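Okay, here's what each chain looks like letter by letter:
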Amino acid sequence: VQLVESGGGLVQPGRSLRLSCAASGLTFSSYAMSWYRQAPGKEREMVAGIDRFGGSTEYADSVKGRFTISRDNDKNTVYLQMNSLKPEDTAVYYCKGFHRFLAITYWGQGTQVTISS
């Protein structure tokens, strides 16, 4: 199983980025997907989550109204659209897949997002 994040980078405050997480080796539609982030010296925190078919999403309060999670089960990919980025959004962003019934969790390797002028 592999979860491979992409799309990170260095952008100025107020700009946008879209992260992608491509999954392989698993039945993608069986997994709820989430994005987490970890800033230097801080705990990893959940940013956004989406259920198996995209019918339900949840967001951390700090990103509500700015970030949007979505998925394409045909492409085995989950996305995180990040708008109005702030310096405090700087972190390594990780993709997580969770199979509720098998209690299996997979993590990607992370992608760095840096917001700076």
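Description of the structure in this document. (Residues numbered from 1 in each chain as written. Predicted model: local features only at pLDDT ≥ 70, side-chain atom pairs only at ≥ 80, totals over all residues. Heavy atoms only, no water.)

## Structural notes on the environment of Ala39
1) Next: Assignment of secondary structure puts Ala39 in the loop between strand E4 (32-38) and strand E5 (45-50).
2) Next: Residue classification places Ala39 among the buried positions, given a relative accessible area of 19%.
3) Next: Here the alpha-carbon distance between Ala39 and Thr90, two residues 51 residues apart in the chain, equals 6.5 Å.
4) Next: When residues no more than four places from it in sequence are discounted, the contact partners of Ala39 are Thr90 and Ala91. (Helix = DSSP H or I, 4+ residues; strand = E, 2+ residues; numbered from the N terminus. Buried < 20%, exposed > 50% of the residue type's maximum accessible area, 1.4 Å probe, protein only. Contact = heavy atoms within 4.5 Å.)

## Section: the pattern of salt bridges
Note on pairing: side chains with opposite charge can pair once their charged atoms come close.
1) Next: What the rule picks out here adds up to 4 salt bridges.
2) Next: Taking the shortest distance from any N to any O, the salt bridge between Asp89 and Arg37 comes out at 2.9 Å. Here Asp89, found in the loop between strand E8 (77-82) and strand E9 (91-99), pairs with Arg37, found in strand E4; they are 52 residues apart in sequence, far enough to count as distant. In terms of burial, Asp89 and Arg37 fall into one category: buried.
3) Next: The residue Arg66 makes a salt bridge to Asp89 at a minimum N-O spacing of 2.8 Å. You can see Arg66 sitting in the loop between strand E6 (57-59) and strand E7 (67-72) and its partner Asp89 sitting in the loop between E8 and E9, a full 23 residues away along the chain. Residues Arg66 and Asp89 agree in their burial class; the two are buried.
4) Next: What you see here is one network of salt bridges that share partners, running through Arg37, Glu45, Arg66 and Asp89. (Salt bridge = Lys/Arg side-chain N within 4 Å of Asp/Glu carboxyl O.)

## Section: unusual backbone geometry
1) Next: The phi dihedral of Asn76 is positive, around 55°, even though this residue is not glycine.
2) Next: Examined against the element boundaries, Asn76 turns out to sit in the loop between E7 and E8.
3) Next: Phi at Ala103 is positive, roughly 55°, even though this residue is not glycine.
4) Next: Relative to the elements of secondary structure, Ala103 occurs in the loop between E9 and strand E10 (104-107).

## Quick word on the state of the cysteines
1) Next: What the rule picks out here adds up to 1 disulfide.
2) Next: For Cys21, the disulfide goes to Cys95, at an S-S distance of 2.1 Å. A torsion of -75° about the S-S bond marks the disulfide between Cys21 and Cys95 as left-handed. Of this pair, Cys21 sits in strand E3 (residues 17-24) while Cys95 sits in strand E9, and the two are 74 residues apart along the sequence.
3) Next: The exposure class of Cys21 is buried, given its relative accessible area of 0%.
4) Next: The class for Cys95 is buried, based on a relative accessible area of 0%. (Disulfide = S-S within 2.5 Å.)

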